[in-house]
Structures are given as structure tokens and as C-alpha cells.
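# Remarks on the overall topology
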Amino acid sequence: MAIIISEERKKFNWLPFLIAGIFLFVAVIGSYLLFFTEAPLIEKIVPSNQKIVSEISKVNSDNFKADLSSTKKELLTKAKQTITISTGGSSANPGRTNPLLPF
């Protein structure tokens, strides 16, 4: 009987390649869905009576100018109003003249 001494052959580990393959597959499918599909899913879910963003973002120039001029007039009237500061009578305690001096 002969005794054969040799090192055990190492098995190939497929797990890292499987994980990398799944990650690559998900990245390819995700980039395809993100960049190359026609309509996003949200446009199919939102009801049709919802206003389109381009319609919402349009500013009517006449209304904007009227609002701007009325706001300007309001700010001018508020700026022209005088602010009265009451200095208080003898009941008001103004405190020390220099609060940083020691007692």
C-alpha cells in the first residue's frame, strides 16, 4: 500500500463573484431605468387633473408688476411712519451706566 502525501486542493470561492455580478446587474438596470425610459412612474400615478409644473411656474407679468408696485407702496408707507420710543418715567430702572465695572 502506498501513501500519497499532497496538499489539499483549494476550492474556488464563487461568493464574491456572485455578489459583484448582482451589484453590476442592479447598477445596469437602475441606470437604464433612470436615463433611458420614456415616462417616469410618478407621471402615471399623479391624477390627470393635477396642474403641470410648467403651468404653475409661469408668472403673469401684469399681476406680478401690480403686486410688486403695491408691495413697494406698502413698504414706503411703513418706512415713512415715525417710530416713537418711550424712555419711561421714574418707575423704569435703566440699570448701571457701566455694567462691566465691579461692585
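Residues numbered from 1 in each chain as written. Predicted model: local features only at pLDDT ≥ 70, side-chain atom pairs only at ≥ 80, totals over all residues. Heavy atoms only, no water.

### Concerning the overall build of the chain
Threshold: Numbering goes from the N terminus for both helices and strands, where a helix is a DSSP run of H or I of at least four residues and a strand is a run of E of at least two. Residue burial considers only the protein chains on display, and all accessible areas are found by Shrake-Rupley using a 1.4 Å probe.
Within the chain, the regular secondary structure consists of four helices and zero strands. In the chain, the succession of helices and strands from N to C terminus is α-α-α-α. Only carbon and sulfur atoms are counted for the fraction: they give 64% of the accessible area of the chain, which is about 11400 Å².

### Considering a nonpolar patch on the surface
Using the following cut-off: Two distance rules govern patches: like charges are joined within 9 Å, and nonpolar side chains (Val, Leu, Ile, Met, Phe, Trp, Tyr) within 5 Å, applied only to residues with over 30% relative accessible area and no salt bridge. The term salt bridge refers to a side-chain nitrogen of Lys or Arg lying within 4 Å of a carboxyl oxygen of Asp or Glu.
Together, Leu15, Leu18, Ile19, Ile22, Phe25, Val26, Ile29, Tyr32, Leu33, Leu34, Phe35 and Phe36 give the surface a local cluster of nonpolar side chains, amounting to about 1300 Å² of exposed area. Along the chain, leucine 15 falls in helix α1 (residues 15-35).

### A closer look at the confidence of the model for the chain
Counted only if it meets this: Confidence per residue, as judged by the predictor, is encoded in pLDDT with a range of 0 to 100.
Averaged over the chain, the pLDDT score is 76; the fraction of residues at 70 or greater is 60%. Confidence, expressed as mean pLDDT per element, reaches its minimum in the chain at helix α2 (residues 41-45) with 65 and its maximum at α1 with 94.

### Some points on the packing of aromatic side chains
Rule in force here: Any Phe, Tyr or Trp ring, taking Trp's six-membered ring, that has another such ring centre within 6.5 Å forms a pair; planes under 30 degrees apart are called stacked, those over 60 apart edge-to-face, and the others tilted. A 1.4 Å probe rolled over the protein chains alone gives each residue an accessible area, and that area as a share of the maximum for its type sets the label: buried under 20%, exposed over 50%, partly exposed in between.
Taken as a whole and judged by the stated rule, the model has four aromatic pairs. Judged by centre distance (4.9 Å) and plane angle (75°), the ring pair of phenylalanine 12 and tryptophan 14 falls under edge-to-face. This pair shows no difference in class: phenylalanine 12 is exposed, exactly as tryptophan 14 is. Aromatic rings pair up to connect Phe12, Trp14 and Phe17 into one cluster.

### Side note on α1
For clarity, the threshold we go by: Expected span of a helix: the number of residues minus one, times 1.5 Å.
For α1, spanning 21 residues, the distance from its first C-alpha to its last is 30 Å, which sits close to the expected 30 Å at 1.5 Å a residue. Of all the 21 residues making up α1, zero are buried; the element is thus mostly uncovered.

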